[in-house]
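Residue-level listing of the chains:
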Amino acid sequence: MIRVTLPYHLRTLAGTGAEVTVDVDGPVTRASVLDALETAYPMLRGTIRDHDTKERRPFLRFFVCGEDVSLASPEDPLPEEIASGREPFMVIGAIAGG
Amino acid sequence: MHASSAPREPPLKDRMKPAPPERELSREEVARYSRHLLLPEVGQGGQKALKAASVLIVGAGGLGSPAAMYLAAAGVGKIGIADADVVDLTNLQRQLLHATTDIGRPKTDSARDTIGGINPHVIVRPIESRLDSGNALEILSPYDVIIDGSDNFPTRYLLNDACVILGKPNIYGSVFRFEGQVSVFYPKAGGPCYRCLYPAPPPPGLVPSCAEGGVLGVLPGIIGSLQALEAIKIVIGRGDALTGKLLLFDALGTKFRELTLKKDPSCPACGDNPTIRTLIDYEDFCGVPHGTGGTGDQAEITVEELKRRLDGGEEIFLLDVREPLEYGICNIGGHLIPPGELAMRITELDPAREIVVYCKTGIRSARAIETLRQKGFQKLRNLTGGIDAWADRIDHTMARY
């Protein structure tokens, strides 16, 4: 079970709370986690990654165990803490309120 | 990163030594700042550095209020405060610089009065002009530290680029609903900038503003206080600044989380080959139309025209694309479909009828119109200024939020 935290606008779209869980068959990578997320919540397709290129939307970042992995390869394996659900895979979004 | 060991920039305190006579502390100031002077990490040197320092706070709102008040109390010598707005009743739930009697006054006026009341030694520079690419460098130049307490993406990118160009620390804070973010963007000291974190903003209307999504009043109090803390540490050259870190705060869970940020070598502002050497048009960059509540080329309708046509008995379908909580505060009888449900509930709408779409200010309705256009709807009009404009100009008894 992998935990994924979502920014508010994606929670609203998916109709979820701040954190969702997904299951991944095979290697746990950023790409496989996001694939599983989009399978469970089809309305998120195109919102985190571009529909066609699968590039990350520039106003979102991915964090794993406190480190920014947004610029790493989407096929890089994620650490055991993520695979085991001890730590969440965090999708952080830009906010502008003041 | 340790603020006192910033690789490229000595602490402001060191650059300001020795203190000129006017920076010496008077007897009254020694008493006023005695709790600082008792801290070896601050002491006379730190307090004089604060007195010699200048901080510009952009936005006299939820973040700017605690930041300005704590920096004033701490003895920062000069505080600039930039805001072009006037005080509104809806501000008072969180913007502690302003009181009920200040409603209608320029925010910079009430900010000046409040800061002066806290500490008459502080020189306050109210800046009522709206910051733009034509004046930002000139306005920022005289200040040592910039605090970003703005409430919109164009100003955040403007401040970032201006700070990178001028080599100044940009103390970033932002809030939304129950969540806050804080960082120090200071490429001159080796850290990343705002564009390293978010190279581009979300499309207009995708991420609601506090005016649309709400914000717990105490939250900007916490985040703005953290911004003041970072400013003080940078000025006195002590402690660990949040350079290269993003601090997240979850008010509902009362949880802080610190994330590590990386400098992006390809960043157009502070990367290895920067391409942003002058300020650009930030409203264009963020896709925000100049001076309207809509998004450009859509057919708009004013509240006056809508009222006239409704009074004339015309069959216009009103589509309200706000959230149910907002609808409960005030409405004009539109059919409510929240933006997140629009794609799923599109069958509730008749493409043959003229539909006037509205939200609070006209941004979300503009996005809804884009969605409907893609589904083949053509007879669509965006209510300029949204239900806010209706309350302003048509129905003065309507509840505001």
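Residues numbered from 1 in each chain as written. Chains lettered and ligands numbered in written order. Predicted model: local features only at pLDDT ≥ 70, side-chain atom pairs only at ≥ 80, totals over all residues. Heavy atoms only, no water.

Whenever I open this one, the overall build of chain B confuses me. Can you help?
Counting its secondary structure elements, chain B contains 16 helices and 13 strands. The C-alpha radius of gyration computed for chain B amounts to 23 Å, which stays within 12% of the reference 21 Å derived for 401 residues, consistent with globular compactness. Over its C-alpha atoms, taken along the principal directions, chain B stretches across nearly 75 × 50 × 40 Å. Counting every position in chain B, which comprises 401 residues, the buried fraction comes to 54%. (Helix = DSSP H or I, 4+ residues; strand = E, 2+ residues; numbered from the N terminus. Rg over C-alpha atoms; globule rule 2.2 N^0.38 Å. Buried < 20%, exposed > 50% of the residue type's maximum accessible area, 1.4 Å probe, protein only.)

Please explain the overall build of chain A as it appears in this structure.
Helix and strand content of chain A: 3 helices and 5 strands. N-terminal to C-terminal, the α/β element order of chain A is β-α-β-α-β-β-α-β. In terms of overall dimensions, chain A is globule-like: its C-alpha atoms have a radius of gyration of 12 Å, near the 13 Å expected for 98 residues. Oriented by its inertia axes, the alpha-carbon framework of chain A measures out at about 35 × 30 × 25 Å.

Which parts of the structure should I look at to understand the packing of helix 5 (residues 64-74) of chain B against helix 6 (residues 107-118) of chain B?
For any two helices packed against each other, the geometry is given by the interaxial angle and the distance between the axes. Residues and elements named next belong to chain B. Contact pair helix 5 / helix 6: the axes reach a minimum separation of 9 Å and the direction vectors enclose 30°. By crossing handedness, the relation of helix 5 to helix 6 is classed as right-handed. Between helix 5 and helix 6, the residues in contact are A68, M69, A72 and A73 and T114, I115 and I118, respectively. Taken together, the residues that form the contact of helix 5 with helix 6 break down as 6 nonpolar, 1 polar and no charged. (Axes fitted to C-alpha atoms, helices over the stretch in contact; angles between N-to-C directions. Left-handed = near helix turned anticlockwise from the far one by under 90°. Contact = heavy atoms within 4.5 Å. Nonpolar A, V, L, I, M, F, W, Y, C, P; charged D, E, K, R; others polar.)

Sorry if this is basic, but what is going on with the side chain of Q95(B) here?
Along the chain, Q95(B) turns up in the loop between strand 2 (78-82) and helix 6. Not counting chain neighbours up to four residues away, the residues in contact with Q95(B) comprise A60(B), G61(B), G62(B), S65(B) and K107(B).

Looking at this structure, how should I read the sheet that holds strand 13 (residues 380-383) of chain B?
Note: strands within a sheet are paired through backbone hydrogen bonds, in either parallel or antiparallel orientation. Residue and element names in this part refer to chain B. Strands sit in the order 9-13-12-10-11 across an open sheet of 5 strands; the sheet is parallel. Looking along the sheet, the strands with just one partner apiece sit at the ends: strand 9 (300-301) and strand 11 (335-336). Two elements, strand 12 (residues 355-358) and strand 13, share 3 bridges in a ladder whose sense is parallel. Its bridge partner lying in strand 13, I355 is registered against L380. (Pairing = 2+ DSSP bridges.)

Explain the domain arrangement of chain B here, please?
The extent of an interface is frequently quoted as the accessible surface area lost upon association of the parts. All names here are of chain B. Parsing chain B into structural domains produces domain 1 (3-285) and domain 2 (300-393). Between the C-alpha centres of domain 1 and domain 2 the distance comes to 38 Å. Here domain 1 packs against domain 2, burying approximately 540 Å² in sum over the two surfaces, 54% of which is carbon and sulfur. Counting across the interface, domain 1 meets domain 2 through 1 salt bridge. Among the salt bridges present, the one from R364 reaches E212, with a minimum N-O distance of 3.4 Å. Taken together, the connections running from domain 1 to domain 2 amount to 1 residue pair in polar contact (both at pLDDT 80 or more). (Domains from an automatic or database assignment. Buried area = accessible area lost by both parts, 1.4 Å probe. Salt bridge = Lys/Arg side-chain N within 4 Å of Asp/Glu carboxyl O. Polar contact = N/O pair within 3.5 Å; in protein donor to acceptor, adjacent residues only side chain to side chain.)

Before we go on, may I ask you to explain helix 16 (residues 386-393) of chain B in this structure?
Spacing of three or four residues puts side chains on the same side of an α-helix, whose turn is 3.6 residues. Of all 8 residues in helix 16 of chain B, 6 are buried, a share of seventy percent or more. Where helix 16 of chain B is buried, its residues touch helix 13 (303-311), strand 12 and strand 13 of chain B.

What is the right way to read the packing of helix 5 of chain B against helix 11 (residues 218-236) of chain B from this model?
All names here are of chain B. Across the interface, helix 5 lies against helix 11 with an axial gap of 7 Å and an inter-helix angle of 40°. Relative to helix 11, the element helix 5 is oriented oblique. Note on packing geometry: the crossing formed by helix 5 with helix 11 is right-handed. Contacts between helix 5 and helix 11 involve P66, A67, Y70, L71 and A74 from the first element and P220, G221, G224, S225, A228, A231 and I232 from the second. (Parallel < 35°, antiparallel > 145°, perpendicular 65-115°, else oblique.)

I would appreciate a short explanation of the nonpolar core in the present structure.
Within soluble globular proteins, side chains that are nonpolar generally end up buried alongside one another. V4(A), L6(A), L37(A), F89(A), L56(B) and L140(B) are the most contacted members of the largest nonpolar core, which has 58 residues in total. Counting residues per element, this core draws most heavily on helix 8 (residues 153-166) of chain B, which supplies 6 residues. Beyond its immediate stretch of four places on either side in the chain, L56(B) contacts G80(B), I81(B), A82(B), I127(B), I139(B), L140(B), Y143(B), V145(B), I146(B) and I147(B). Among the nonpolar cores identified, the runner-up in size contains 45 residues, and L50(B), I57(B), A60(B) and L247(B) belong to it. (Core = buried A, V, L, I, M, F, W, Y, C linked by side-chain atoms within 4.5 Å.)

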